[in-house]
Amino acid sequence: GSVFYRDIFFTNFPLLPYISSIYFLLTAGSLNLFFLTPTIEVSAVAFIIYLITYEKYQENMPAFISSSLYLFSFIILSTSDHQSGVFIASLFSVLGYYFYLNKKYLISGVFVALMLLTKAYFLPILLSFIVLFLWERKFEKVIKFCIGAAITSIIVMSPTLIFGLQDFIKDVFIYSLTRSQGIEKSGIIWFFITHDLPLFILLIFNLIMIKKNKFFGLISLLGIIFIFFYKDVYFLYLNFLIPFLALSYPEFEKIIKEKFGVQKLMLPTFIFGFLIFSFVTYTNGFRNLQKINLDKATEIIKKENPKSLYGVNDVAPALAYLSGVPMLNNIIDTNANIYRKGFLNSKKLTTDAIKQKAIIVAHGAYYPEMGVNEEVTDEIFDKDQVKKFCKLIGSFPVQTEGPENRLNILRCF
């Protein structure tokens, strides 16, 4: 009976939870099967990329390379192991482009709207379509496109507009557009360049060829502007660019062959060599990132039979679902930025957790050789209260992208 935004703090448009509900029904509530859904979405995107490229160039090899560039890029390998919504948004975006190429502008607008309503940071894709229509003076076409997008948006947003408009504005716009930067952007960009060099080369190529290949050039340009001007960007967010960078490969191959007369198999060899490198890098260093023994953690929580669960948003909701223990105060998203902006208060919620006899799930750092043993490192907790009233009952080694190397479970009763 809860309503998004009004009763549940949520910082994006509402389509992803609706889609997730369908996935939940289709997977019969199995968390393992639910987390298989992004793999299916990624495969569908790769198929549409192949379809678009083959229909345009009537050649198997460029189409196969384009879909492989997407499917086996490091960013896809490293971000498709959990359901974040970016891949169903990517699927909607390439479907929008497919129907645009087939001159079905109303349907194209429908899918582009679905894309944005799933993940708002896919905005550069929508803007690229609109600018392209205006650039090519397709004024009648842009009207059809906008009608499709508008009707879709009204249908999806109706419950929110009726029941939670004020809270929607507060959660999505006031919070999301003003939240502080988390990870340093230069590090994200350099990580992308070094781990997905072929895609970065295609990004630069699209900028250079923007007059000839307007759509891909616009996406690259507006994508870069978005990355530089939006404060809180993460590696995951770059996914909005990846399908279209992969789609631009055949044109890149064509130009390189015409201008430099390179051997036919030289570019494919380079591409597949780098994809193999990406795959090996992922399997050796990133495949086990943030993985823990969920069954054991769930067993510990069930044994304690707490009233509620409070913890880090990367795993606490999963543990709450598996153990059947409700989240503290019905708060699911405990991203640290929400606390920094004052929407949530770490002292108050830690006090509530102790009063409600909750279990706390926190990241920790344990380096005995350096004399370091921090049971709680997250800023979503009042560490003094946790230290005074809570006791460590479970600790799991975990590989993270930061200095934290433990996932700790603490009992506050």
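One structure accompanies this document, and this report is about it.

Calculation rules
- Residues numbered from 1 in each chain as written.
- Predicted model: local features only at pLDDT ≥ 70, side-chain atom pairs only at ≥ 80, totals over all residues.
- Heavy atoms only, no water.
- Helix = DSSP H or I, 4+ residues; strand = E, 2+ residues; numbered from the N terminus.
- Rg over C-alpha atoms; globule rule 2.2 N^0.38 Å.
- Buried < 20%, exposed > 50% of the residue type's maximum accessible area, 1.4 Å probe, protein only.
- Disulfide = S-S within 2.5 Å.
- Expected span 1.5 Å × (residues − 1).
- Arc of directions from axis to C-beta.
- Salt bridge = Lys/Arg side-chain N within 4 Å of Asp/Glu carboxyl O.
- Contact = heavy atoms within 4.5 Å.

What follows concerns the overall build of the protein chain. Along its length, the protein chain carries 21 helices and five strands. Against the globule reference of 22 Å for 413 residues, the protein chain gives a C-alpha radius of gyration of 23 Å, in line with a compact fold. In terms of overall dimensions, the protein chain has C-alpha extents of about 70 × 55 × 40 Å along its principal axes. Burial status across the protein chain gives 52% buried among its 413 residues.

What follows is about the state of the cysteines. In this structure the tally under the stated criterion is one disulfide. Covalent S-S linkage joins cysteine 390 and cysteine 412, the inter-sulfur distance amounting to 2.0 Å. Note on the cysteine 390 and cysteine 412 pair: the S-S dihedral is about 100°, so by sign convention the disulfide is right-handed. You can see cysteine 390 sitting in the loop between helix H21 (383-389) and strand E4 (391-397) and its partner cysteine 412 sitting in the segment after strand E5 (406-411), a full 22 residues away along the chain.

Once that is clear, we can look at helix H16 (residues 266-286). The α-helix winds at 3.6 residues per turn, so residues separated by three or four positions along the chain end up facing the same way. Compared with the 30 Å implied by 1.5 Å per residue over 21 residues, the 29 Å span of H16 between its first and last C-alpha is a close match. Within H16 the residues assigned to the buried category are Leu267, Pro268, Ile271, Phe274, Leu275, Ser278 and Tyr282. Taken down its axis, H16 places every buried residue within 135° of arc, on the same side. Residues of H16 that are exposed and point over 90 degrees away from its buried face: Thr269, Ile276 and Asn284.

Pairing between side chains of opposite charge can happen when the charged atoms of each approach one another. In this structure the tally under the stated criterion is nine salt bridges. Glutamate 136 serves as the salt-bridge partner of lysine 138, at 3.0 Å between the closest nitrogen and oxygen. The partner of aspartate 171 in a salt bridge is lysine 170, and the shortest N-O contact between them spans 3.2 Å. For aspartate 171, a relative accessible area of 0% corresponds to the buried category.

Time to look at the environment of glutamate 136. Along the chain, glutamate 136 turns up in the loop between helix H8 (123-135) and helix H9 (139-163). Assessed through its relative accessible area of 31%, glutamate 136 is described here as partly exposed. Once the C-alpha coordinates of glutamate 136 and lysine 214 are considered, the two residues, 78 residues apart in sequence, prove to be 9.3 Å apart. Residues in contact with glutamate 136, not counting those within four places in the same chain, are Tyr100 and Lys214.

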